[in-house]
Amino acid sequence: LIGVYTNRHGERWELQLKGSGKTPYSRNGDGRAVLRSSVREFLCSEAMHYLGIPTSRAASLVVSDDDVWRDQFYNGNIKKEKGAIVLRLAKSWFRVGSLEILTHSGELDLLRRLLDFIIQEHFPSIAMNDSNRYLEFFSTVVSETANLIALWMSVGFAHGVCNTDNFSLLSVTIDYGPFGFLDSYDPNFVPNTSDDERRYKIGNQASVGLFNLSKLLQALKPLLDPRQKQLASQILEGYGEHYYSRFTELFKTKLGLLGENENDNFLIAFLLKVSLLC
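If you're wondering where the values come from, they're calculated on a predicted model, not measured in any experiment.

Draft legend 1. Looking closely at the overall build of the chain. Counting its secondary structure elements, the chain contains 8 helices and 6 strands. Along the chain, helices and strands appear, N-terminal first, in the series β-β-α-β-β-α-α-α-β-β-α-α-α-α. Computed over its C-alpha atoms, the radius of gyration of the chain comes to 20 Å, within 12% of the 19 Å expected for a compact globule of 278 residues. Across its three principal directions, the C-alpha atoms of the chain cover 55 × 55 × 40 Å. The buried share of the chain, taken over its 278 residues, is 42%. Total accessible area computed for the chain in this model is approximately 15400 Å², and 52% of it derives from carbon and sulfur atoms. When the 30 positive and 32 negative side-chain charges of the chain are each reduced to one mean point, those points stand 4 Å apart.

Put into structure tokens, the structure is as follows:
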């Protein structure tokens, strides 16, 4: 993260470099990115924006003079590739993992400070003096995550690596790695060649979203009283209804269906199955 920029419309954007080298969070990686994946992130994030899907965006792409060694297909065949750096923007880069790590390490004062900062900066509808502000925050993230994944499904987008470190607290699409789009409907489609267990197949994205939200709830629990914990669990139980309601709404719009009919979901499922068979 290199800074925060406010544009002429008063919009606040956090600027981040991908591929610029090691940071304290690089673990065993080299912190670099190859030109191939950088071009894909640049193009896809802009495409997603113009498809109306909440996403980070790309401002620039610079080709590096340094070469990067990568095993593209994870088959032991390491090759030298051209490196690149993408300057990407988002309203915030905070993720579910940003809170998880603090709870896991017992840094609860910092957890509270960070969460209050996120709410104050990015959730203006939540009053900072509201004793239920963390509950309201969780409720918003649950509904917006359901909306985001339904939007992904409506355009056949598979993220590829939907772990908690790649799930935005602002429910925008971030960290374009081994993503892919469906050419024809296949719920078992996996764009990530290293995902041998097919954990992140496109048909599992909604379930993985629920899993990540449950991890978010675990991270928030030290800040919630018993009543709030119970209410938060009820909110999480409503995730599926949020998702299927938005999913149905989006696909009805694609099909030009008006009004409500008890057979709408059957028709959508039938047409997806026909697409699979074709």
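Draft legend 2. Layout of the environment of Asn132. Mapped onto the elements, Asn132 comes out in the loop between helix 3 (108-122) and helix 4 (133-154). Between the C-alpha atoms of Asn132 and Asn147, which are 15 residues apart in sequence, the distance is 23 Å. When sequence neighbours within four positions are dropped, the list of residues in contact with Asn132 reads Arg227 and Gln228. Separated by 2.9 Å, the side chains of Asn132 and Arg227 make a polar contact.

Draft legend 3. Up close: the packing of helix 3 against helix 4. At a closest axis distance of 11 Å, the pairing of helix 3 and helix 4 adopts a crossing angle of 60°. As summarised for this structure, helix 3 and helix 4 are arranged oblique, according to the angle between their axes. The two elements helix 3 and helix 4 meet at a crossing, and its hand is left-handed. Facing helix 3, whose interface residues are Arg112, Leu115, Asp116, Ile118 and Ile119, helix 4 presents Arg133, Tyr134 and Phe137.

Draft legend 4. Structural context of the pattern of salt bridges. Tallied over the entire structure, the rule returns 15 salt bridges. A salt bridge links Arg88 to Asp175; the nearest nitrogen and oxygen atoms lie 3.1 Å apart. Here the residue Arg88 occupies a position in strand 4 (residues 79-90), and Asp175 occupies one in the loop between strand 5 (157-158) and strand 6 (180-181), the gap between them amounting to 87 residues. For Asp175, a relative accessible area of 13% translates into the label buried. Here Arg95 makes a salt bridge to Asp175, at a shortest N to O gap of 2.4 Å. A residue pair is termed long-range when its members are at least 10 positions apart, and Arg95 in the loop between strand 4 and helix 2 (96-104) and Asp175 in the loop between strand 5 and strand 6 qualify at 80 residues.

Draft legend 5. The arrangement of a nonpolar patch on the surface in detail. Together, Leu255, Phe266, Leu267, Phe270, Leu271 and Val274 make up a nonpolar patch on the protein surface, roughly 510 Å² of accessible area in all. Top element by residues in the nonpolar patch is helix 8 (residues 264-277). It accounts for 5 residues. Locating Phe266 in the fold gives a position in helix 8. Relative accessible area serves as the criterion here: at 59%, Phe266 is assigned to the exposed category.

Draft legend 6. View of the environment of Phe137. You can see Phe137 is positioned in helix 4. The class for Phe137 is buried, based on a relative accessible area of 0%. Considered as a pair, Phe137 and Tyr74 are 63 residues apart in the sequence and their alpha carbons are 39 Å apart. Other than its neighbours up to four places away in sequence, Phe137 contacts Leu99, Leu115, Ile118, Ile119, Phe123, Ile126, Leu169 and Leu220.

Draft legend 7. Here's a closer look at the sheet that holds strand 3 (residues 57-70). With antiparallel pairing, 4 strands are arranged side by side in an open sheet as 1-2-4-3. Both edges of this open sheet fall to strand 1 (3-6) and strand 3, since each of them pairs with a single strand only. The sheet shows a mean angle of 25° between the axes of neighbouring strands, taken without regard to direction.

Draft legend 8. Examining helix 7 (residues 239-255) more closely. End to end, helix 7 covers 24 Å across 17 residues, agreeing with the expected 24 Å (1.5 Å per residue, within 8%). For helix 7, the complete set of buried residues consists of Tyr239, Tyr243, Phe247, Thr248, Leu250, Phe251 and Lys252. Backbone geometry just after helix 7 places Gly256 at a positive phi near 75°.

Draft legend 9. Quick look at the pairing of strand 1. As paired elements, strand 1 and strand 2 (residues 12-18) share 4 bridges and run antiparallel to each other. Counterpart to Tyr5 in the pairing with strand 2 is Trp13.

Draft legend 10. View of the nonpolar core. Ranked by internal contacts, the top residues of the largest apolar core, which has 56 residues, are Leu99, Phe137, Trp152 and Leu216. Looking at this core element by element, the count peaks at 13 residues for helix 4. In contact with Leu99, other than residues within four places in its own chain, are Leu111, Leu114, Leu115, Ile118, Phe137, Leu169, Leu216, Ala219 and Leu220.

The rules behind each value
- Residues numbered from 1 in each chain as written.
- Predicted model: local features only at pLDDT ≥ 70, side-chain atom pairs only at ≥ 80, totals over all residues.
- Heavy atoms only, no water.
- Helix = DSSP H or I, 4+ residues; strand = E, 2+ residues; numbered from the N terminus.
- Rg over C-alpha atoms; globule rule 2.2 N^0.38 Å.
- Buried < 20%, exposed > 50% of the residue type's maximum accessible area, 1.4 Å probe, protein only.
- Areas by Shrake-Rupley, 256 points an atom, 1.4 Å probe, with all protein chains shown as cover.
- Lys, Arg positive; Asp, Glu negative; His and termini not counted.
- Charge placed at Lys NZ, Arg CZ, Asp CG, Glu CD.
- Contact = heavy atoms within 4.5 Å.
- Polar contact = N/O pair within 3.5 Å; in protein donor to acceptor, adjacent residues only side chain to side chain.
- Axes fitted to C-alpha atoms, helices over the stretch in contact; angles between N-to-C directions.
- Parallel < 35°, antiparallel > 145°, perpendicular 65-115°, else oblique.
- Left-handed = near helix turned anticlockwise from the far one by under 90°.
- Salt bridge = Lys/Arg side-chain N within 4 Å of Asp/Glu carboxyl O.
- Patch = residues over 30% accessible without salt bridge, like charges linked within 9 Å, V, L, I, M, F, W, Y side chains within 5 Å.
- Pairing = 2+ DSSP bridges.
- Expected span 1.5 Å × (residues − 1).
- Core = buried A, V, L, I, M, F, W, Y, C linked by side-chain atoms within 4.5 Å.

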